[in-house]
Amino acid sequence: MKKNLQLFSILLFMSMAIQAQYNTMPMPEALYGTDFNLNIHESTKQLVTGNQTITGAINNENFWGPTLFINKGDLVHMNVTNNLNESTTLHWHGMHLPSVMDGGPHQVIPAGTLWQPYWTVMNQASTLWYHPHLHTTTQAQMTKGIGGFIIVKDPQEAALALPRTYGVDDIVLALTSRSYNATTNTFVSSTRVYGDYMLSNGTPNAQISLPKQYVRIRILNAEIERGYNLGFSDNRTFYIIGNDGGLLNAPVAVTRVKLMVGERVEIMVNLGGDAVGSSIDLKAYNSGQAFGFPGGEPNTSGDFGSLLNNIDFNVLHINVAATTTATTPITSVPSTLATNTYWTATDANVTRAIAVTNGNPGPASVPFNFDNVSYSLTMTPKVVNLDDVEKWTITNSNVFGHSFHLHDVEFKIVARNGVATAVGSHESGWKDTFYLPKSESVTFVAKFNDFADSDVNHPYMYHCHFGGHEDGGMMGQFIVTGTMGTNQNATNTNFSLYPNPANDRLYVNLKDSETEIYYVTISTITGRVVMMLPQPEWQNGIDISSLEAGVYTFQMMDKQSKSTTTKKFIKK
Ligand code: C2O
Ligand code: CU
Ligand code: CU
């Protein structure tokens, strides 16, 4: 007891010493345009006194990655290079795109490989994100800090008087917590799911200066498991203007908002009444949550323990600075934001039920799964018909809360525990992720439009977004099938490549012009994959300028028969 008390006062003293000093929270670098080069790599960051911590990051960041600004309607190209020394994937969370571009567990990018997905942006203005999704490795790679924001712009959002100067009155805030292993200089990953120390955009004890006016904060719960019950230290009212899939129809005034792993919320808060030089804290009011709230456990040590469990703690210290002069300050919240027409329960022509179940106990313990089946890459997918409107009810008769996420489309939550009015106002917009508390059910309606691909090797996922649960098998997959115009006739998949040798661009000459190219994989002659091109835009030639001189194999998979044909070429 005495020892515990001593330890407690040491910890208290340590946390006070840490609290005393704030670090300025940087905005991740902003990238604009239609072509994005993303280099995933290992890095290091000074996060605790002593040695730097080994992290994972993208481009110039040393934890996390750049914020990608993209416009609805644009054709965007991603050049993702995996410079880790292990395989990874990069998933575009919330993005509506073909499954072969989705970056889920099936689109594995080997170390050293360039993966080039592309798509036309169909999402409306929203705050999305990207992160690794390699099955059984997601928790470890996300713990290292690999991820980033995507901000989708569209004309409807642009026409509103909203704060939108990035880093000035419109900021992104990724919430995570970490524990440190001082021997290996790494984050603690698999053994503990809740970190002991808060990181806001990868910054411990974060502070920021924000102007004396309305500001917009795009908040992402990028945790492994912890939930956040967010609010301001003076309990002021703030406005939820958007959630996962974009703007709500009208702002919702709150003093607290719960945000679970994978969810996003866009808030506006008025600093116009605050004195320049004053400060206010955005906090997690996580003490006293109902049993099953992730991070509400009382213990400070052990697998589910953390120094941040069941307490209120700071997320962001905000220093109020002068009103902006370069950009027009926003002084009110628009009363209407969007005109979303949501699916209703009666729109659905297909109904599905999914149950959270307990996995197999024992040494190779799988704590949770869906419908008593643990995920495997080759499990039978659910089959959804293109353009069907489906109603899914996810039931959690489990002892613990979860965070449920669906790929491909945004959906509308129509009921909690069968009750429509029990859906929170903060989750009233288009959603792709939601909190599924213990002993509760959630019903949502989605239309699976635009993209069909019957290839079981490229399904979409649904899963718990807790890194460990997902890695442990709490995931399922589905394909969307329909007639997408694929030629049903047998085709001759022979082709030739020119010029050969080639310098910058390599052209494909198909023997049968009916052949549709589904996937191209370029490998060295020793078999190392160097480029992966889902449904390449081959008509204008394939850019091979990044390859070193040498002999390569070019493997083409055709869409009709899924057969592969391989040719060699020389890069000058
Ligand atoms: Cu944010 Cu399937 O993931
Ligand atoms: Cu996702
Ligand atoms: Cu879970």
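Residues numbered from 1 in each chain as written. Chains lettered and ligands numbered in written order. Predicted model: local features only at pLDDT ≥ 70, side-chain atom pairs only at ≥ 80, totals over all residues. Heavy atoms only, no water.

*Asks:* Give me the overall build of the protein: which residues, what numbers.
*Replies:* Scanning the protein for helices and strands turns up four helices and 42 strands. The C-alpha atoms of the protein give a radius of gyration of 24 Å, which matches the 25 Å a tight globule of 572 residues would have. Once the C-alpha set of the protein is aligned to its principal axes, its extents read approximately 75 × 60 × 55 Å. In the protein, buried positions account for 58% of the 572 residues. Considering only contacts in the protein between residues 6 or more positions apart, those separated by 24 or more positions represent 75%. Carbon together with sulfur atoms contributes 53% to the accessible area of the protein, which is approximately 22,100 Å² in total. Each charge sign in the protein was given a centre, from 35 positive and 46 negative side chains, and these centres are 4 Å apart. (Helix = DSSP H or I, 4+ residues; strand = E, 2+ residues; numbered from the N terminus. Rg over C-alpha atoms; globule rule 2.2 N^0.38 Å. Buried < 20%, exposed > 50% of the residue type's maximum accessible area, 1.4 Å probe, protein only. Contact = heavy atoms within 4.5 Å. Areas by Shrake-Rupley, 256 points an atom, 1.4 Å probe, with all protein chains shown as cover. Lys, Arg positive; Asp, Glu negative; His and termini not counted. Charge placed at Lys NZ, Arg CZ, Asp CG, Glu CD.)

*Asks:* Describe the pairing of strand S35 (residues 475–481), naming the residues involved and giving the relevant values.
*Replies:* Counting buried residues along S35, seven of its seven residues qualify, which places the element largely inside the surrounding structure. The pairing of strand S28 (residues 382–385) with S35 spans four bridges and is classified as parallel. The residue bridging Lys382 from the neighbouring strand is Phe478, located in S35. Relative to S35, strand S34 (residues 460–464) runs antiparallel, the two sharing four bridges. Paired with Tyr460 across the strands is Phe478, a residue of S35. (Pairing = 2+ DSSP bridges.)

*Asks:* Mind laying out empty space enclosed by the protein, listing which residues take part and the relevant values?
*Replies:* Tallied over the full model, the rule gives two cavities of 30 Å³ or more. Empty space within the largest cavity amounts to approximately 70 Å³. Contributing elements (two or more residues each) for the lining of the largest cavity: helix H2 (138–144) and strand S12 (170–178). One number sums up the size of the second largest cavity: a volume of about 30 Å³. Along the walls of the second largest cavity sit Asn243, Lys258, Leu259, Glu263, Arg264, Val265, His426, Glu427 and Lys431, which together make up its complete lining. (1 Å grid on protein atoms, 1.4 Å probe; cavity = no way out; pocket = protein on both sides within 12 Å on 5 of 7 lines; lining within 4 Å. Points joined across faces, edges and corners; volume = space filled by probe spheres on them.)

*Asks:* So what's going on with the coordination of the copper ion (ligand 3)? Residues and values would help.
*Replies:* Only His402 (ND1), Cys464 (SG) and His469 (ND1) from the protein reach the copper ion (ligand 3) as donors, at distances of 2.0 to 2.1 Å. Written as a sequence motif, the donor residues of the copper ion (ligand 3) are H-x61-C-x4-H. Taken together, the positions of His402 in strand S30 (residues 402–406) and Cys464 in strand S34 put the pair 62 residues apart, joining distant regions of the chain. One exposure class covers both His402 and Cys464, and it is buried. (Donors = N, O, S within 2.8 Å, 3.2 Å for Na, K, Ca; no water.)

*Asks:* Can you tell me about the packing of aromatic side chains, naming the residues and giving the values?
*Replies:* If you walk through the whole model with that rule in mind, you get 33 aromatic pairs. Seen from their ring centres, Trp92 and Trp119 are 5.1 Å apart, and the 50 degrees between their planes marks the pair as tilted. With Trp92 in strand S7 (residues 91–93) and Trp119 in strand S9 (residues 118–120), this pair connects stretches of sequence that are 27 residues apart. For the pair Trp92 and Trp119, a shared accessibility class is recorded, and that class is buried. Where Phe411 meets Phe444, the ring centres are 4.1 Å apart and the plane angle is 25 degrees; that geometry is what we call stacked. On the criterion of sequence distance, the pair formed by Phe411 in the loop between S30 and strand S31 (412–416) and Phe444 in strand S33 (residues 440–447) is long-range, its members being 33 residues apart. A relative accessible area of 0% places Phe411 in the buried class. The residue whose ring lies beneath Arg178 is Phe187, and the NZ or CZ to ring-centre distance is 5.5 Å. It is Lys412 that lies over the ring of Tyr342; its NZ or CZ is 4.2 Å from the centre. (Phe/Tyr/Trp six-rings, centres within 6.5 Å; stacked < 30°, edge-to-face > 60°. Lys NZ or Arg CZ within 6 Å of the ring centre and 35° of its normal.)

*Asks:* Could you give me a rundown of the domain arrangement of the protein, with the residues and numbers involved?
*Replies:* Segmentation of the protein into domains returns domain 1 (2–321), domain 2 (345–481) and domain 3 (495–571). The C-alpha centroid of domain 3 is placed 38 Å from the C-alpha centroid of domain 1. Of the residues lining the interface, 14 residues belong to domain 1; the matching set on domain 3 comes to 13 residues. Taking both partners together, domain 1 and domain 3 bury about 1,100 Å²; carbon and sulfur atoms supply 55% of that area. Counting every contact that joins domain 1 to domain 3 gives zero salt bridges. Counting across the interface, domain 1 meets domain 3 through six residue pairs in polar contact (both at pLDDT 80 or more). When residues of the side of domain 1 that touches domain 3 are traced back to their parent elements, those giving at least two are strand S6 (75–82) and strand S8 (114–115). For the side of domain 1 that touches domain 3, the per-class residue count stands at 10 nonpolar, four polar and no charged. (Domains from an automatic or database assignment. Buried area = accessible area lost by both parts, 1.4 Å probe. Salt bridge = Lys/Arg side-chain N within 4 Å of Asp/Glu carboxyl O. Polar contact = N/O pair within 3.5 Å; in protein donor to acceptor, adjacent residues only side chain to side chain. Nonpolar A, V, L, I, M, F, W, Y, C, P; charged D, E, K, R; others polar.)

*Asks:* Outline the sheet that holds strand S26 (residues 350–358), listing residues and values.
*Replies:* Strand order in the open sheet formed by five strands is S27-S26-S29-S33-S31, with mixed pairing between adjacent strands. Two strands in the sheet have a free side with no partner beyond their single neighbour: strand S27 (368–370) and S31. Neighbour to neighbour, the strand axes of the sheet diverge by 20 degrees on average, direction disregarded. Of the pairings in the sheet, the one linking strand S29 (residues 389–396) to S33 comprises eight bridges and is antiparallel in character. Of the residues in S33, the one forming a bridge with Val389 is Lys447. (Axes fitted to C-alpha atoms, helices over the stretch in contact; angles between N-to-C directions.)

*Asks:* Before we move on, can you summarise the side chain of Thr565 with the specific residues and values?
*Replies:* Looking at the secondary structure, you find Thr565 in strand S42 (residues 564–571). On the basis of relative accessible area, Thr565 is assigned to the buried category, the value being 16%. A polar side-chain atom of Thr565 sits 3.2 Å from a polar atom in the side chain of Thr493.

*Asks:* Go over the coordination of the copper ion (ligand 2), please, and point to the residues and values.
*Replies:* Distances from the copper ion (ligand 2) to its protein donors, His91 (NE2) and His405 (NE2), fall at 1.9 Å. Placement of the pair is His91 in strand S7 and His405 in strand S30, with a sequence separation of 314 residues. In this structure His405 comes out as buried when scored by relative accessible area, which is 0%.

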